[in-house]
Amino acid sequence: MALIGAPDVAPTPPAPGRGRVLGPGARFTVSRLLSSLGTLVFVILFNFFLFRLLPGDPVALYTRGRDVDPEIRRQMQARFNAPIAEQFVQYLKNPFVPELPSQQFSIPVWDVIVPRIGPTLLLVGTATVLATVLGVWLGVRSAWKRGERFDRVATTTTLVLYSMPEFWFGMILLIVFSVGAFGLPGIFPVGGLSSPGVDVGTFAGLADVAWHLVLPVFTLTVIYLAEYALVMRASLIDEMGQDYLQTARAKGLRDADVRRRHAVPNAMLPTTTLIFLNLGFVIGGAITIEYVFSLPGLGSLTVQALRGPDIPLLQTLFLLFSAAVILANLVADLLYARLDPRVRT
Amino acid sequence: MTPLSRSRGPARVVAAIATVVGLLVLSTGLSSAADPPPPKSTFTVGVVQDVDSLNPFIGITVAAYEMFQMVYPTLTEWDAKNFAVVPGLAESWKESPDKTYWTYKMRPGLKWSDDVPLTAKDAAYTFNRIINGTFEKTNFGNYVSNITKAEAPDDTTLILHVDKPTPIMQTLVVYILPEHVYSKIDETAIQSYGNEPQGGKPIVGAGPYLVAERQVGQFTRLVSNPNFYRGKPAVDEIVFKNYANPDALGQALKKGEIDYANDLQPNVFDSLADVPNIERKSQLYSGFNELAFNTGAALVDGKPIGDGNPLLKDKRLREAIGWSLDGKTLTDKVLGGHGSPGSTIIPPMFESLHLTPANQASYDPAKARQLLDAAGYRMGPDGVRRAENGARLDFRLFGRSDNPFSKRSVEYIKRYLADVGIATTVTLISEDALTEKIGQGEFDMFEWGWVVEPDPNYQLSTFTCDSRSYEDGGNVLAGLSDSFYCNPEYDKLFEAQGSETDVAKRTEIVKQMQQILYDDWPYALTYYYDNLVAYRTDKFEGFIPQPDPNGSYLFQYGTWSYENLKPIAAGTEQSSGPSPALIGGIAAAVVVLGGLAFVLLRRRRAGVADDRE
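Residues numbered from 1 in each chain as written. Chains lettered and ligands numbered in written order. Predicted model: local features only at pLDDT ≥ 70, side-chain atom pairs only at ≥ 80, totals over all residues.

Regarding the overall build of chain A
Moving on, step 1. In terms of regular secondary structure, chain A is built from 13 helices and zero strands.
Moving on, step 2. Of all 345 residues assigned to chain A, the portion counted as buried reaches 39%. (Helix = DSSP H or I, 4+ residues; strand = E, 2+ residues; numbered from the N terminus. Buried ≥ 20, exposed ≤ 12 C-beta atoms within 10 Å, placed from the backbone.)

Concerning the sheet that holds strand β6 (residues 147-154) of chain B
All names here are of chain B.
Moving on, step 1. Overall, antiparallel pairing links the four strands, which are arranged β4-β5-β7-β6 in an open sheet. What marks the edges here is a single partner per strand, and that holds for β4 (90-95) and β6. Pairwise comparison of adjacent strand axes, ignoring direction, gives a mean angle of 20 degrees for this sheet.
Moving on, step 2. Running over the sheet, helix α3 (residues 120-132) touches β5 (101-106), β6 and β7 (157-162) and is turned about 160 degrees from β6. (Pairing = 2+ DSSP bridges. Axes fitted to C-alpha atoms, helices over the stretch in contact; angles between N-to-C directions. Contact = placed C-beta atoms within 7 Å.)

Side note on unusual backbone geometry
Both trends apply: most residues other than glycine have a negative phi, and most peptide bonds are in trans.
Residues and elements named next belong to chain B.
Moving on, step 1. Of note, the bond from Q546 into P547 is cis; its omega dihedral lies within 30 degrees of zero at -5 degrees.
Moving on, step 2. Within the fold, P547 resides in the loop between β22 (540-541) and α16 (560-564).
Moving on, step 3. Note that the residue after D548, namely P549, is joined by a cis bond; omega there is 0 degrees.
Moving on, step 4. Considering the arrangement of structural elements, one finds P549 in the loop between β22 and α16.

Points about the pairing of β5 of chain B
Residues and elements named next belong to chain B.
Moving on, step 1. Alternating positions in β5 separate cleanly, W102, Y104 and M106 being buried on one face and Y101, T103 and K105 remaining unburied on the opposite face.
Moving on, step 2. Where β4 meets β5, five bridges bridge the pair, whose relative direction is antiparallel. Bridge pairing in β5 links E95 to W102.
Moving on, step 3. Sheet topology note: the β5/β7 ladder contains five bridges and is antiparallel. Within β7, the residue paired with T103 across the bridge is I159.

Section: the nonpolar core
Moving on, step 1. Counting residues in each nonpolar core, the largest one holds 148 residues, and the members touching the most others are L123, L220 and Y228 of chain A together with V71, A123 and L158 of chain B.
Moving on, step 2. Ranked by residue count, the leading element in this core is helix α8 (residues 203-240) of chain A, at 22 residues.
Moving on, step 3. Beyond its immediate stretch of four places on either side in the chain, L123 of chain A contacts L213, P216, V217, L220, A286, I289, L295 and G297 of chain A.
Moving on, step 4. Of all hydrophobic cores here, the second largest spans 69 residues; its members include M349, L372, L393 and I422 of chain B. (Core = buried A, V, L, I, M, F, W, Y, C linked by C-beta atoms within 7 Å.)

Some remarks on the environment of T435 of chain B
All names here are of chain B.
Moving on, step 1. On the secondary structure map, T435 appears in helix α12 (residues 431-440).
Moving on, step 2. T435 sits in the buried class, given 25 other C-beta atoms within 10 Å.
Moving on, step 3. A C-alpha to C-alpha distance of 26 Å links T435 and E66, two positions 369 residues apart in sequence.

Overview of the pairing of strand β8 (residues 209-215) of chain B
Regular strands show a simple pattern: their side chains alternate between the two faces of the sheet.
Moving on, step 1. Of all seven residues that make up β8 of chain B, six are buried, and the element is covered over most of its length.
Moving on, step 2. Once β8 of chain B ends, the chain turns through three residues before running back antiparallel as strand β9 (residues 219-224) of chain B, passing G217 of chain B with a positive phi of about 80 degrees.

Side note on the packing of α3 of chain B against helix α4 (residues 137-144) of chain B
Residues and elements named next belong to chain B.
Moving on, step 1. For the pair α3 and α4, interaxial distance at closest approach is 9 Å and the crossing angle is 100 degrees. In terms of orientation, α3 and α4 fall into the roughly perpendicular class. Judged by residue contacts, F127, I130 and I131 of α3 engage K137, F140 and V144 from α4.
Moving on, step 2. Of the residues belonging to the contact of α3 with α4, the class tally is five nonpolar, no polar and one charged. (Parallel < 35°, antiparallel > 145°, perpendicular 65-115°, else oblique. Nonpolar A, V, L, I, M, F, W, Y, C, P; charged D, E, K, R; others polar.)

Details of the environment of F46 of chain A
All names here are of chain A.
Moving on, step 1. Within the secondary structure layout, F46 lies in helix α1 (residues 22-52).
Moving on, step 2. Since 13 C-beta atoms lie within 10 Å of it, F46 is described here as partly exposed.
Moving on, step 3. For F46 and S31, which are 15 residues apart along the polypeptide, the C-alpha to C-alpha distance reads 22 Å.

That is the geometry; function is a separate question.
This is the structure:
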């Protein structure tokens, strides 16, 4: 009952002498690379037309309620409403760096995007790492102690956390731990990533950022955790009935080692896929959490870009997100091949 | 692995944690030891909208304009009490007898924040840059359209030449910029100039506060300007802190993380009732919302465009709709009572200009039905009236999907109209999509609003024939008009008010124009809405309302409150950020490092066990 199915092949212990299969391995790598590249090309083409289909006239929107010089209006008209073919050619020259600046900020799009990457990576990256480590650990323990109290408690708790709306959960944490409720003092800030006037480069600055990140990272970790724990538990339970574990036990290995050296590596495969898929989405930010805790990440930037719509910015953001997912998938595929040589052939 | 190395593993981890924690604690000690001066007073305003650009030629959000007026002064200002025009950088100003130029006498001895003298030359530079510029006209073009040239014969005299008399010369919202900074940024560079503070130094300005630090999406920090001509303000720093959602704004105020919350949602506003040390105010605001009609969409040259229902060209029908709307209930239900029913397009906040029409319509469906009957719109068998040519009174009504108030308003409007026999098909679309539909004249009615400036010229101009859409290169482009109202008599008065430099005479004309619009019903105003704010009463005092007594405390036309704010003596110990920050940071570091240590320890133990087997 794996949530994410491993390849439907009977598990065999890793083939010894991995170096010998370099030929098919290289072929596999090249084919994966090419297919990722193909996907990227498709996304680049699709991305262009997607944003040309959005309703709204950027010029009208920008000029509503402003007395804009006819000359400027004509210039904007020429830039934003150029013939589709002309725009397309312009776009293809460098799809990742649009010729036009962000409409809302009037500066090059990457100048808008780059400062937002750090906060997003800090938030979602930290939470993903914490959730992975804790989730896998929880999953392994639950599976190994299947049916025992630890398993029952852990599974129920993770399921409850998993099904909780993150917006709501975040808000509750914010009210209890930021503002203070039930006699608790408000310890953490309500929003933002750093305090005004604090230099982020110093220890005090780092501590300040950590202090700001505690609640959002905790919320996200708890929400993500369940997914890893459940997938890990399911796939380990699948493995636990396998004969090779009996063999390992028969060799006289201790239970903990049977688990750690034989069962877990095999059960890790679906989780690995999940981890890398999620890593690809890290860059997209966590829109709801960034919204609840007022964090200036890429998620909130996307929302802001949609009001407008700020086409050059949106277009670049979507391309960035897609590219990240494609890259993460590629890494997952290649890594999977290393972990499980069966998929290479 | 030997037992010795086994015990060293965890010891090393513990030592590492101890070092990190030690360093953190040490840095706290150091930073507090190196902080002998008295605590700075910081007034923190919570906002939901971020500054889009600090460059006054680019920024358009309300948040950005608040920064501009903090940093850059203007020649004249609007008084807090009643929007009277009062001296700013200019001490006095007068129109030449032949009405071809205006002379502004600047205060002597003015200085920019970097101690460079601020003279009439800076002002002349600013005006000439806009007049001769193209991109520079985007934000300020409407103020300089009649100005042909700016001159500074000496350091305290500014002369602005005009091609025709205009009253706007007394209320020019043109931020005077430092020539020694902006002359280095050419007309191409200015289009992407960020005007961000560099290297920890505030940007050069001459207003009460200067932007010293900005984290996009997080906060903007301003420091007081010792060279400000009305004197250095009492509060050292003002911080505008961004919150992504309205609930967080309320929570931050409760916590004391901010001292003032602007632009609250009604539910958040209500949730702050009876919270100790928090005062709430429903402040008069210069905005109104309306139900706008397509009075016959056409281009400036009169060529019809769009697909508006021709029945709405009938003023009698529009008037009947006006009588069928219950402004009181709309205000209560949509705004939670924080506003008042609307009448004319200059809000009552501008007391001297606002016209209260003698023939003001009130909610009276019986009268609406009677007007419709009299105009020949007879009730059909399906409860919907018919025009004399047999057409059903069935209109498309657009609401804005991105605005919760708009969504609720159109539902009420639909019901009110159905009640008098007018059918509507409500469609909710985004503001962008609606903007496009309006420009092309592809609508019957919509719900939207305006924010009105103290000078009525701009708002009045949205109803002139010339503000209708126009054609350029085969495309129909939107003008300012969204009702396509066109009335030569009104246009004549618009010209007259635009060249009347006598305040009393101009006010008279402006009132006449409001009356014409009121009688012709291009809009049926739904309500004037309030700005909901809440603030801490335990930390700062000295807010000045504009207008007196129920107007805005902040985000005014001017910086009156910021200049007058003072920390309350007892509450001067500000909640200093670093100490809880450090405690929290250390706690977080300990948790993370503890987790790491735990994992490492387990690895070690397992590793040792492995080796044994």
